[in-house]
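Read off the chains here:
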Amino acid sequence: VRGTIVSAVHAGWRGVVAGVVTRAVQRMADDAAISPGDLVAAVGPCIGVNAFEVGSEVAQAFEQAGLGDAIDSTRLTAADGRPHIDLRSAVRKQLTDAGVSPDAIDVSDACTFGKVDDLFSYRREGRRAGRQGAVIGVKAG
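Keep in mind it's a predicted model, so treat the numbers as computed, not measured.

Criteria and thresholds
- Residues numbered from 1 in each chain as written.
- Predicted model: local features only at pLDDT ≥ 70, side-chain atom pairs only at ≥ 80, totals over all residues.
- Heavy atoms only, no water.
- Helix = DSSP H or I, 4+ residues; strand = E, 2+ residues; numbered from the N terminus.
- Buried < 20%, exposed > 50% of the residue type's maximum accessible area, 1.4 Å probe, protein only.
- Polar contact = N/O pair within 3.5 Å; in protein donor to acceptor, adjacent residues only side chain to side chain.
- Salt bridge = Lys/Arg side-chain N within 4 Å of Asp/Glu carboxyl O.
- Core = buried A, V, L, I, M, F, W, Y, C linked by side-chain atoms within 4.5 Å.
- Contact = heavy atoms within 4.5 Å.
- Axes fitted to C-alpha atoms, helices over the stretch in contact; angles between N-to-C directions.
- Left-handed = near helix turned anticlockwise from the far one by under 90°.
- Nonpolar A, V, L, I, M, F, W, Y, C, P; charged D, E, K, R; others polar.

Engineer: Is there a simple way to explain the side chain of His-84 in this structure?
Structural biologist: Among the structural elements, His-84 can be located in strand E3 (residues 84–85). Given the relative accessible area of 6%, His-84 is considered buried. Only 2.8 Å separates the side chain of His-84 from the backbone oxygen of Val-49, close enough to count as a polar contact. Polar contacts involving the side chain of His-84 include one to the main-chain carbonyl oxygen of Asn-50, which spans 3.3 Å.

Engineer: What is the right way to look at the pattern of salt bridges in this model?
Structural biologist: When charged atoms on two side chains of opposite charge get close, those side chains can pair. Taken as a whole and judged by the stated rule, the model has three salt bridges. When the shortest N-O distance is used, the salt bridge between Asp-31 and Arg-27 registers 3.0 Å. Taken together, the residues Asp-31 and Arg-27, both in helix H2 (residues 20–32) and four residues apart, mark about one turn of the helix. Like Arg-27, Asp-31 is exposed. Two residues, Glu-53 and Arg-82, come together in a salt bridge whose shortest N-O distance is 3.1 Å. Here Arg-82 lies in the loop between strand E2 (71–72) and E3 and Glu-53 lies in the loop between strand E1 (41–43) and helix H3 (56–64), a separation of 29 residues in the sequence.

Engineer: Got a minute to help me understand the nonpolar core in this structure?
Structural biologist: General note: in soluble globular proteins, nonpolar side chains tend to be found buried as a group. Judged by nonpolar contacts, the single largest core of 28 residues is most densely connected at Val-16, Phe-62, Leu-87, Leu-95 and Val-100. Among the elements of the structure, H2, E1, H3 and helix H4 (87–97) are those that each provide at least two residues to this core. A total of four residues in this core trace back to one element, the largest contributor, which is H4. Setting aside anything within four residues of it in sequence, one finds Leu-95 in contact with Val-21, Val-25, Ala-41, Val-43, Val-100 and Ile-105.

Engineer: Which parts of the structure should I look at to understand the packing of H2 against H4?
Structural biologist: A pair of packed helices is captured by two measures, namely the crossing angle of their axes and the spacing between those axes. The geometry of H2 relative to H4 is characterised by a closest axis approach of 9 Å and an angle of 35 degrees between their N-to-C directions. For the crossing formed where H2 meets H4, the hand is right-handed. Judged by residue contacts, Val-21, Thr-22 and Val-25 of H2 engage Val-91, Gln-94 and Leu-95 from H4. Residue composition of the contact of H2 with H4, grouped by class: four nonpolar, two polar and no charged.

Below is the structure:
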């Protein structure tokens, strides 16, 4: 079974706090009859902590999901005191909590909000934002 299954999981902040990542790890491990420690994970481009300013209700959702460490209160904006969320660290925590080895997790530092020429961002561009796609597969042979 090793190396014969793959999965692509997309989760915005709502999916992360709902546990999509954790459930995906468990499902893959169960379906393949392997330990989550045998999995390899990659976290693709997402909004970075510098750009991911949220309201108190979103920060509270992260707290309630056990992801309070992803709330970066040191970046509170002077004008309105809104926290920022480190989505990458929240996903990494969920992966490791689910049993994936920290050494088996690759996290992209590309920020979908900041890389204007390379990536689309609904937060930055609104409804006019383009769309992105990803492909994942098992190498033959």
